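# Structural features, examined
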Amino acid sequence: MPQAMRNTNAATPPGDRTAHIAHVGIAVQSLAAILPFFRDVLGMPEVPMSDSDGARIAAVQSGESLIELLEPATPDSPIGKYVARRGPGIHHICVAVQDIEDALVRCRAAGIQLIDDQPRLGAEGKRIAFLHPKSTGGVLIELSE
Ligand code: ZN
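Keep in mind that this is a model prediction, so the values were computed, not measured. (Residues numbered from 1 in each chain as written. Predicted model: local features only at pLDDT ≥ 70, side-chain atom pairs only at ≥ 80, totals over all residues. Heavy atoms only, no water.)

### Remarks on the pattern of salt bridges
A complete count under the given rule lists 8 salt bridges for this structure. Among the ionic pairs, Arg 39 bridges to Glu 46, the shortest N-O distance being 3.0 Å. The class for Glu 46 is partly exposed, based on a relative accessible area of 41%. A salt bridge links Arg 56 to Glu 71; its shortest N-O distance comes to 2.6 Å. With Arg 56 in strand E3 (residues 55–62) and Glu 71 in strand E4 (residues 65–72), this pair connects stretches of sequence that are 15 residues apart. Here Arg 56 falls in the partly exposed class, since its relative accessible area comes to 35%. By relative accessible area, Glu 71 is classed as buried at 12%. Salt bridges sharing partners connect three or more residues here, namely Arg 39, Asp 40 and Glu 46. (Salt bridge = Lys/Arg side-chain N within 4 Å of Asp/Glu carboxyl O. Buried < 20%, exposed > 50% of the residue type's maximum accessible area, 1.4 Å probe, protein only. Helix = DSSP H or I, 4+ residues; strand = E, 2+ residues; numbered from the N terminus.)

See below:
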């Protein structure tokens with residue numbers, strides 16, 4: 001590729017112009033205790049979700065995004081350790097990108113510390129990768145394709 005073309009690409013804004021919040025992950029002690037609040041009190045429809053990463057997951061729809069409630073399946077799972085250390089609360093924000101490889105390349109170039117060097121399969125069967133909160137304003141960010 002000619003040098004001029006590479007420079008043009010580098011100056012082009014990131015390709016993920018439609019990047020948006022896919023879901024907000026909330027660590028909970030008990031799905032049974034909190035799911036009725038989101039589903040029945042607030043009226044957000046429940047979305048079927050399979051368990052992942054040692055967490056039992058329930059989700060509700062919020063516009064184009066989901067709120068995922070993450071209950072530890074075991075105390076030594078990542079969510080189990082999180083809840084034990086910090087209590088329940090917002091655990092991560094997942095940003096949907098068009099091309100996760102490209103997004104990871106841009107993150108690396110920007111000096112963002114990656115937790116997952118390569119995409120892996122996440123809860124919704126989508127390719128995901130986590131970014132370290134040290135690099136992202138103290139918020140654990142998940143990228144999802
Ligand atoms: Zn997530």
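Past the structure itself, the notes keep going.
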